Amino acid sequence: MIYFDNNATTAPLPEVVEAVERTSRDVYANPSSVHQFGQQARHLVETARAQVAELVGARPADVIFTSGGTESINLALRSAVALHPQRQRIVTTTVEHSAVLQTCDALAAQGLEVAKVGVDEHGKYDQAALREALADEPALLSIQHANNETGVIQNVAETCASAREQGVIVHVDAVQSAGKIAVPCDQWQADFVSLSAHKFHGPKGIGALVVNRRATVQSIITGGSQERNRRGGTENVPGIVGMGVAAEHARRHQMESAETIGPLRDRFERGVLSAIDSAVVNGGAPRLFNTSNISFPQLQAEAILLLLSENGICASAGAACSSGSLEPSHVLLAMGMDVARAHGGVRFSLSRFNTEKEVDEVLDVLPGLIARLAGLSRSVETR
Ligand code: PLP
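Sequence order as written defines residue numbering, which begins from 1 separately in each chain. Since the coordinates come from a predicted model, pLDDT governs what is reported: local features require at least 70, and pairs of side-chain atoms require 80 or more to be given and counted, while whole-chain, interface and lining totals use all residues. Side-chain descriptors were evaluated using all non-hydrogen atoms of the structure, hydrogens and water having been removed beforehand.

Caption draft 1: Molecular detail of the packing of helix α2 (residues 36-55) against helix α9 (residues 237-275). Think of each axis as a best-fit line through the C-alpha atoms, taken over the contacting stretch in the case of a helix, with angles from 0 to 180 degrees between the N-to-C directions. Helix and strand definitions here come from DSSP, where helices need a minimum of 4 consecutive H or I residues and strands a minimum of 2 consecutive E residues; each element is numbered from the N-terminal end. Taken N-terminus to C-terminus, the directions of α2 and α9 make an angle of 35°; their axes are 8 Å apart at the nearest point. When the axes of α2 and α9 are compared, the crossing they make is left-handed. Where α2 approaches α9, its residues Ala41, Leu44, Val45, Ala48, Gln51, Val52, Glu54 and Leu55 are matched on the opposing element by Val237, Ile240, Val241, Met243, Gly244, Val245, Ala247, Glu248, Ala250, Arg251 and Gln254. For the contact of α2 with α9, the residue count by class is 13 nonpolar, three polar and three charged. We call a crossing left-handed when the near helix sits turned anticlockwise from the far one by less than a right angle, and right-handed when that turn is clockwise. Between two residues, a contact is recorded if the distance between any of their heavy atoms is within 4.5 Å. All residues other than Ala, Val, Leu, Ile, Met, Phe, Trp, Tyr, Cys, Pro, Asp, Glu, Lys and Arg, Gly among them, are scored as polar; the first ten of these are nonpolar and the last four charged.

Caption draft 2: Representation of the site of the ligand in the model. With respect to spatial proximity, the complete set of residues near the ligand consists of Gly68, Gly69, Thr70, Ile73, His97, Asn148, Asp173, Val175, Gln176, Ser196, His198 and Lys199. Under the rule applied, a polar contact is a pair of N or O atoms within 3.5 Å (in protein, one hydrogen donor and one hydrogen acceptor; residues adjacent in sequence only if both atoms are side-chain atoms). Residue His97 places a side-chain N or O atom 3.3 Å away from an oxygen atom belonging to the ligand. Taking Ser196, its side chain carries an N or O atom lying 2.6 Å from an oxygen atom of the ligand. Surface accessibility follows the Shrake-Rupley procedure with a 1.4 Å probe radius. Residue values consider only the protein chains on display as shielding. Here the ligand has 390 Å² of accessible area as a free molecule, and 88% of this is covered by the chains. Residues are labelled near a given molecule or strand when at least one of their non-hydrogen atoms is within 4 Å of it.

Caption draft 3: Highlighting the packing of aromatic side chains. Here a pair means two rings of Phe, Tyr or Trp (six-membered ring of Trp) with centres within 6.5 Å. Their orientation is stacked below 30 degrees between planes, edge-to-face above 60, and tilted elsewhere. Scanning the entire structure with this criterion turns up three aromatic pairs. Centroid distance Phe4 to Phe268: 5.8 Å. Interplanar angle 85°. Geometry classified as edge-to-face. Here the residue Phe4 occupies a position in the loop between β1 (2-3) and α1 (14-26), and Phe268 occupies one in helix α9, the gap between them amounting to 264 residues. Members of the aromatic cluster, connected to one another through ring pairs, are Phe4, Phe268 and Phe348.

Caption draft 4: Region of the structure containing unusual backbone geometry. The residue after Ala285, namely Pro286, is reached through a cis peptide bond having omega -10°. Residue placement: Pro286 occurs in the loop between β9 (280-281) and β10 (291-295). Phi at His201 is positive, roughly 70°, even though this residue is not glycine. Structurally, His201 is set in the loop between β7 (192-196) and β8 (207-211). Classification of residues uses two cut-offs on accessible area relative to the type maximum, computed with a 1.4 Å probe and protein chains only: under 20% is buried, over 50% is exposed, and between them is partly exposed. Classification of His201 by relative accessible area gives buried; the value is 10%. Residues other than glycine seldom take positive phi values, yet Glu227 does so here, at roughly 50°. Tracing the chain through its elements places Glu227 in helix α8 (residues 226-229). Classification of Glu227 by relative accessible area gives buried; the value is 6%.

Listed below in structure tokens is the structure:
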């Protein structure tokens, strides 16, 4: 199997698997228990909190562990709105992940107004339009750092500064960027930043919301007083420990990963563009070094994915949750693409576990497969 679907999820590092297994087996105490065994579990949780904080330039006290990116996003958006009932507006963009868009839709159904700022053909949102939307005094601005489908990276620092000037709370969805590129919470001074461990070789079902010291959260999961009353429920200690190990590894190896994965992705992209005339890369610079979203216009991404899968190659179309659906990607459509190009958009996303040999194997298979599908669609058209 060749796994080029690392924006959907990544393989956990061997040291993560080992830490999760060891913690589950040996330190199963409840970290809220007063006995020494409980305090051993507490110590592991706090070590992981410091590791996650260090990855993103935050203070350990700012990190709330959650069940992943989706919960972090819900916590940020819902508590910002609940804490500012006098402001009945949210601003976001058209290319956000469904975790943000669907949460905004749910809040809109409760009566909130949601404004979505558009992007240009490169996938970048318009800073001027965003500043204009901020002037209407929304409760919250929710933006993405890097896009999960195209890898396009937004200028978050500039946006956070504009929002601060207007006194608007900011949430940054850094789920795709954390562990790959710098997520400098201390420079951004965003109120909330969402993270998810499984995107950087940690376990699934564990994430964090980084809450700036200025900001307050209102718990959406009520119960015990865990996470300083901000997220009830007994902590997922093995998951938290695994996330800490993955964060520590990502911090230490971030540069080296960029230097090895970037050239592999570029080799792949060059190979595809030179072998397949119709292929076009979606998304402008700057882009995540591991992501390549390529359209094969007039073809259906789902058909390409199935044939790739028959050849043992995993890739994706759109967000992980929507692969298999026939809808063209909302991100590609938001970039102004025609439906034929958006329908044929395939996302290839690499990780530190991919090799040059794998890139060359995919390049051996892909052109023939695209030619076959193009021939089939021509014969359907002429029939
Ligand atoms: N935000 C972005 C940009 C994502 O790519 C994802 C996952 O695909 C999420 C949020 C949701 O994260 P999780 O899968 O941890 O709930």
